[in-house]
Amino acid sequence: MDFVDFDLAWKQLAPRGVIEAGDGPAAFRVALEEGAPVIDIAAKDHPRADSLPADIRRMSRARMAEFVEAIAHKLHLQEVLVFPVGKWKQVFDAVSEPMAKHEQWAAIDGSASVELNRRDPIVFEQGDHHVLRALVQCVLEAGSEQAHGIGIATTGTSLVMEVLPPGELTIYCGTPALAQQVLELMSHLKPDA
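We now turn to the structure provided with this report. None of these values were measured; they are calculated from a predicted model. (Residues numbered from 1 in each chain as written. Predicted model: local features only at pLDDT ≥ 70, side-chain atom pairs only at ≥ 80, totals over all residues. Heavy atoms only, no water.)

Considering the sheet that holds strand β5 (residues 57-59)
Strand order in the open sheet formed by eight strands is β1-β7-β6-β8-β9-β10-β4-β5, with mixed pairing between adjacent strands. At either end of the open sheet lies a strand with only one pairing partner, and these are β1 (2-3) and β5. Relative to strand β7 (residues 122-125), β1 runs antiparallel, the two sharing two bridges. Paired with phenylalanine 3 across the bridge in β7 is isoleucine 122. Strand contacts of helix α1 (residues 6-13): β6 (79-84) and β8 (150-154), with the helix running at about 125° to β6, the strand carrying the most contacts. Across the sheet, helix α3 (residues 88-99) touches β1, β6, β7 and β8, and the angle it forms with β6 is around 95°. (Pairing = 2+ DSSP bridges. Helix = DSSP H or I, 4+ residues; strand = E, 2+ residues; numbered from the N terminus. Contact = heavy atoms within 4.5 Å. Axes fitted to C-alpha atoms, helices over the stretch in contact; angles between N-to-C directions.)

Regarding the pairing of strand β9 (residues 159-164)
Residues in a regular strand point their side chains to alternate faces of the sheet. Of all six residues that make up β9, six are buried, and the element is covered over most of its length. Of the two faces of β9, the one holding Leu159, Met161 and Val163 and the one holding Val160, Glu162 and Leu164 are both buried throughout. Strand direction decides the pairing type here: β8 and β9, joined by four bridges, are antiparallel. Looking at β9, one finds that isoleucine 152 is bridged to methionine 161. In sequence, β8 turns back onto β9 through a hairpin of four residues. Counted along the chain from β9 to the antiparallel partner strand β10 (residues 168-173), the turn is three residues long, and its residue glycine 167 has a positive phi close to 105°. (Buried < 20%, exposed > 50% of the residue type's maximum accessible area, 1.4 Å probe, protein only.)

What to know about the pattern of salt bridges
Under the criterion given, the structure shown has five salt bridges. Glutamate 66 serves as the salt-bridge partner of arginine 63, at 2.5 Å between the closest nitrogen and oxygen. Here glutamate 66 and arginine 63 lie together in helix α2 (residues 61-74), a separation of three residues that amounts to about one turn. The class of glutamate 66 is buried, set by a relative accessible area of 19%. A salt bridge links arginine 133 to glutamate 69; the nearest nitrogen and oxygen atoms lie 3.1 Å apart. Remark: glutamate 69 occurs in helix α2 and arginine 133 occurs in helix α5 (residues 129-142); sequence separation between them is 64 residues. The class for arginine 133 is partly exposed, based on a relative accessible area of 34%. Among the ionic contacts, a cluster of salt bridges with common partners joins Arg63, Glu66, Glu69 and Arg133. (Salt bridge = Lys/Arg side-chain N within 4 Å of Asp/Glu carboxyl O.)

The analysis is restricted to geometry; functional conclusions fall outside its scope.
Right under this line is the structure:
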């Protein structure tokens, strides 16, 4: 795990259809180009769970983190890039305490001082997927505002995920076949932890 230059990462992602779906300069949101299949998942305890549309799938927060890791494993993702929705400082402030027990994360946290006010992504390689799962879990449990969220993209396939603290996981798939793979994987997970 390490930080990589934003421009270099973006040059790898743009050909895969990754776009900025921003909410202005305060938030950096990633998505795929219009028309890509989207899978929306909300935590069972989402603040608006009772009023969300029926087509939004429900899952426990723990299962959401497990699902992100399962997608990375099942699709054999070599490199996963994680961007902060706000700035890294906001994400680190929210997750530093629960993530401190992860030695690999502690190394990133210790070297992050120059990155705190930037959006350079952290690259997670195959051996780091368990740390990615822990980060997603911490964002969902310790995050309290949109700026604590993360965007996840991969250089290996047209796939983007966004994790927001209220208990939201949005998955953009580059093709209907990829969306079907993701849904099949989801069907193997029990929705409760």
